[in-house]
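Spelled out, the chains give:
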Amino acid sequence: MNGTATSNGIAIDVKGLTKSFGGREVVHDLSMQVKRGSIYGFLGPNGSGKTTTIRILCGLLTPDSGEGTCLGYDIRRDAERIKRQVGYMTQRFSLYQDLSVRENLEFVARLYGMRDARGAAREMIKRLGLSGREEQLAGELSGGWKQRLALGACTLPNPQLLLLDEPTAGVDPKARRDFWNEIHALAAEGLTVLVSTHYMDEAERCHEIAYIAYGHLLAHGTVEEVIAKSALTTYTVTGDDLNGLAGELADKPGVDMVAPFGTSLHVSGRDVAALEASIAPWRARGGLHWVKSSPSLEDVFIELMTRSKDNFQ
Amino acid sequence: MSAVDTSSGAHDIRERFGFWRRSYAMVAKEFIQLRRDRVSFAMIVLIPVMQLLLFGFAINTTPRNLPSAVLLQEDSDLARSILKALENTSYFRFVHEVHDVDEFDNLLKSGKVLFGVEIPRGFERAVRRGDKPALLVAADATDPVAASAALGSLGTIVQTALQHDLYIGDPPLLPFEIRAHARYNPAAASRLNIVPGLVGTILTMTMLIFTALSVTREVERGTMESLLSMPIKPVEVMFGKIIPYVLVGFIQATLIIAIGVLLFGVPILGSLAMLAALSMLFITANLSIGYTFSTIAQNQLQAIQMSFMFFLPSILLSGFMFPFAGMPVWAQYLGEGLPLTHYLRIVRAIMLKGATVQNLQYDTIALATLMLFAMTIAVMRFRRTLD
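About the criteria used
Residues numbered from 1 in each chain as written. Chains lettered and ligands numbered in written order. Predicted model: local features only at pLDDT ≥ 70, side-chain atom pairs only at ≥ 80, totals over all residues. Domains from an automatic or database assignment. Contact = placed C-beta atoms within 7 Å. Helix = DSSP H or I, 4+ residues; strand = E, 2+ residues; numbered from the N terminus. Nonpolar A, V, L, I, M, F, W, Y, C, P; charged D, E, K, R; others polar. Pairing = 2+ DSSP bridges. Axes fitted to C-alpha atoms, helices over the stretch in contact; angles between N-to-C directions. Core = buried A, V, L, I, M, F, W, Y, C linked by C-beta atoms within 7 Å. Buried ≥ 20, exposed ≤ 12 C-beta atoms within 10 Å, placed from the backbone. Expected span 1.5 Å × (residues − 1). Parallel < 35°, antiparallel > 145°, perpendicular 65-115°, else oblique. pLDDT = per-residue confidence, 0-100. Left-handed = near helix turned anticlockwise from the far one by under 90°.

All names here are of chain B. Entries for chain B in the domain assignment read domain 1 (66–183) and domain 2 (190–381). Each of domain 1 and domain 2 has a C-alpha centre, and these two points are 37 Å apart. Listed per partner, the contact involves twelve residues of domain 1 and 14 residues of domain 2. Mapped onto the side of domain 1 that touches domain 2, the elements with two or more residues apiece are β1 (66–72), α5 (101–109) and α7 (144–152). In terms of residue count, the dominant contributor to the side of domain 1 that touches domain 2 is α7 (three residues). Within the side of domain 1 that touches domain 2, the residues separate by chemical class into six nonpolar, four polar and two charged.

Now the structure itself:
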């Protein structure tokens, strides 16, 4: 472990990151801090710049402007040092499909110069619960096993920071839960984890989250903080003809968002007075049941996303 | 809905021309894709132009101006006028004048000259005396095509040329004898030339393709992203990609040479160890060039196209198909930039001429230079980031 990073307890500390591709700004003036040993969730719609930010953090991309440190190392100058201590799990499975589980792990162990590559691979296979499959080709594994193997490969060289780019996309709920238990176990051992995801339930399992859309970091903090900061008021409506109601409410003043949730409808707005004034006629009408509730994380995010679309597109 | 009504008539027409519509859709799509694929587009133009220019201008099956050496053991007027006459035929171009038999042999062995004319001591006096002395013309016949035309017409050409100078009578009677000596391949067996040439050609083709796909394959399969996120340096990636194939190439070379020796009776007059070492160098040079293509190409198809565009001039300009010495100077310069050119000289010299290290210094250095050049470009071109 190196001195500077441990003393202040910050694993990632970046300011003003900006990155463009072909004239299109993908990440705009992004600043963030991630505490050591925490699980930091990175949320946002497709194409919002999550992957680009993660790639900048592990030295795969150089930012156009901005600066910062990752594990105490300068992200511009010390990319090689950062790579030694960071495990990066790519969005798309990027281990060798034509190598077996064991061969893939041994390859990674050797690249990081581990003394006993075979032993390390064997231990990891045991830890991943892949015993009996070690000679199977990685390409033949199911989605869930591939993802476990990928996580195993990036934790194998004992990194201090894990960057996981949508690790649970396309994985069944059971495998997802196991995966998150593993991540919490790793964090408990002192590992810092930055994980991007689309799933709200996963966001709620993070210590802190950040929401990014169109390259802009729109909100960050704990889940409670993000919900509180949104200042969103949500009414949950149940009753008949919610579809018709949704259409009628959509463009009323004070109504920022109308979203169906199964048999109920979430009607949200930032301006409580305007919202309540707008929904008053329907509340007076019978057949509908209105409950004022606190917004869910999803309400907050969808509202942020709609708002950012207006601002940045 | 109202749209149903109006579209039913149009629907019939669509059905009737369905075959053409769908074919047209496919054709239009292919054209768009072709236009976007720059390398394929370049190939459409470059391949025919390159072929045409090379065959039209560079390749000459009746070679002229063949580099020659003269071993002057006597500096007489007669000797000078014979040389002048030989040069006037435009078959020969005297680039070296030596006074020592070893030097003479060395020039032929190393392939620096294709012909050597030896004028023995006391030649002029013997002619005057009417002794009919021998004028020795030694030809490097490893490439029978290059040698035969010049050798075949030697007698008559010299005769005509000297008629004026020597006042020889009519019917012309040469006062000396021309003793032509086709060295290294006296029977002019083309297989003796082609088999060693094939070693180089086959190796060029297979080695280029092996490494040309290596980096693009990683990029296309997505494995490059995780490879780059790990602590490995471009040089290490390159060595890792090249070294296994050096062994593959070595096995391949052994196989071809073994078949050549056992089945076609091609001799190996020189040192086997040297042949192995220089073949290894040649294999590595080709692998480095393939690897360089791999770092430049965007995808596997482009890498194959680049290899092909390198392979074509290699075949035509290296001296494999057509005599190197017969090509115009610009084409020879191009040829010097191809590893195959140097390896062909090396492999022919070792197998057929029994050449030594000293004979092959130049080509060895050239091969090593080309290899290091390709490796440097590859390491510089290798992108450490995804930018």
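All names here are of chain A. Here six strands make up an open sheet; going across it, the order is β6-β7-β8-β3-β9-β10 and the pairing mixed. Every interior strand has two partners, whereas the edge strands, β6 (86–89) and β10 (216–221), have only one. Strand after strand, the sheet turns through a mean of 15 degrees between neighbouring axes, direction not considered. Strands β6 and β7 (161–165) of the sheet are contacted by helix α6 (residues 143–155), whose axis makes an angle of about 160 degrees with β6. Packing of helix α7 (residues 173–188) onto the sheet brings it into contact with β3 (39–43), β7 and β8 (192–197), and relative to β8 it is tilted by some 155 degrees.

What follows deals with the nonpolar core. Core analysis: the biggest nonpolar cluster contains 91 residues, and B:F115 and B:A139 have the highest contact counts within it. Considering each element in turn, this core owes the most residues, ten residues, to helix α13 (residues 272–296) of chain B. The residues contacting B:F115, other than those within four sequence positions of it, are B:L66, B:S68, B:F92, B:V137, B:A138, B:A139 and B:A150. With 78 residues, the next largest nonpolar core counts A:I56, A:C70, A:L194 and A:A213 among its residues.

What follows concerns helix α12 (residues 234–264) of chain B. All names here are of chain B. With 31 residues, α12 extends 43 Å from end C-alpha to end C-alpha; this agrees with the ideal 45 Å at 1.5 Å per step. Listed in full, the buried residues belonging to α12 are V237, M238, K241, I242, Y245, G249, A253, I257 and G260. Contacts from the buried residues of α12 go to α9 (190–212), α10 (214–221), α13 and α17 (361–381). Following α12 by one or two positions, G265 adopts a phi angle in the positive range, close to 65 degrees.

Moving on: the interface of chain A and chain B. Contacts between the two partners involve 17 residues from chain A and, on the opposite side, twelve residues from chain B. Those elements giving two or more residues to the side of chain A that touches chain B turn out to be α3 (79–85) and α4 (101–111) of chain A. If one sorts the elements of the side of chain A that touches chain B by residue count, α3(A) sits on top with three residues. Taken together, the residues that form the side of chain A that touches chain B break down as nine nonpolar, three polar and five charged.

Residue and element names in this part refer to chain A. Taken together, the four strands give an open sheet; going across it, the order is β2-β1-β4-β5, and neighbouring strands pair in antiparallel fashion. Every interior strand has two partners, whereas the edge strands, β2 (24–35) and β5 (73–74), have only one. Pairing geometry for strand β4 (residues 65–70) and β5, over two bridges, is antiparallel. Looking at the pairing, C70 lines up with Y73 of β5. Relative to strand β1 (residues 10–21), helix α2 (residues 50–57) is tilted by about 120 degrees, and along the sheet it contacts β1, β2 and β4.

Take the packing of α13(B) against helix α16 (residues 339–353) of chain B next. All names here are of chain B. One can describe the packing of α13 onto α16 by two numbers: an axis separation of 11 Å at closest approach and a directional angle of 170 degrees. The angle between α13 and α16 places the two elements in the roughly antiparallel class. Contact residues: M274, L275, L278, F282, A285 and N286 in α13; P339, Y343, I346 and I350 in α16. Looking at the contact of α13 with α16, its residues break down into nine nonpolar, one polar and no charged.

Moving on: the confidence of the model for chain A. Within chain A, residue pLDDT values average 89, and 96% of them lie at 70 or more. Summarising per-element confidence for chain A, the mean pLDDT is lowest in helix α1 (residues 3–8) of chain A (48) and highest in β7(A) (95).

This brings us to the packing of α9(B) against α13(B). Residues and elements named next belong to chain B. The interhelical angle for the contact between α9 and α13, taken along N-to-C directions, is 40 degrees, at an axis separation of 7 Å. For the element pair α9 and α13, the recorded crossing hand is right-handed. The residues of α13 that touch α9, namely those facing G200, L203, T204, M207, L208, I209, F210, T211 and A212, are F282, I283, N286, L287, I289, G290, Y291, F293 and S294. The residue makeup of the contact of α9 with α13, split by class, is twelve nonpolar, six polar and no charged.

Further remarks concern the pairing of strand β13 (residues 264–269) of chain A. All names here are of chain A. Where burial is concerned, most of β13 is hidden: five out of the six residues are buried. Examined bridge by bridge, strand β11 (residues 233–239) and β13 share six bridges and lie antiparallel to one another. Each residue of the ladder has a partner; that of T236, found in β13, is H266. Alignment of strand β12 (residues 257–261) against β13, held across five bridges, turns out to be antiparallel. Following the sheet pairing, V258 is matched in β13 by V267. Connecting the antiparallel pair β12 and β13 is a turn made up of two residues, with G262 showing a positive phi of about 60 degrees.

A few words on the environment of A:Q97. Residue and element names in this part refer to chain A. Locating Q97 in the fold gives a position in the loop between β6 and α4. Here Q97 falls in the partly exposed class, since 16 other C-beta atoms lie within 10 Å of it. Spatially, the C-alpha atoms of Q97 and L149 are 11 Å apart, while their sequence positions differ by 52 residues. When sequence neighbours within four positions are dropped, the list of residues in contact with Q97 reads L137, A138 and G139.

Here the focus is the environment of B:D363. All names here are of chain B. Take D363: it is sitting in helix α17. Each C-alpha atom, one on D363 and one on E336, is 9.2 Å from the other, the two residues being 27 residues apart in sequence. If we ignore the near neighbours within four places in the chain, the residues touching D363 are H342, R345 and I346.

All names here are of chain B. Burial analysis of strand β4 (residues 134–140) places five of its seven residues in the buried class, the great majority of the element. Bridge count between strand β3 (residues 115–119) and β4: four bridges; the pairing is antiparallel. When the bridges of β4 are listed, E118 appears paired with L136. With seven bridges connecting them, β4 and strand β5 (residues 177–183) associate as parallel partners. Along β5, the bridge assignment pairs A139 with A182.

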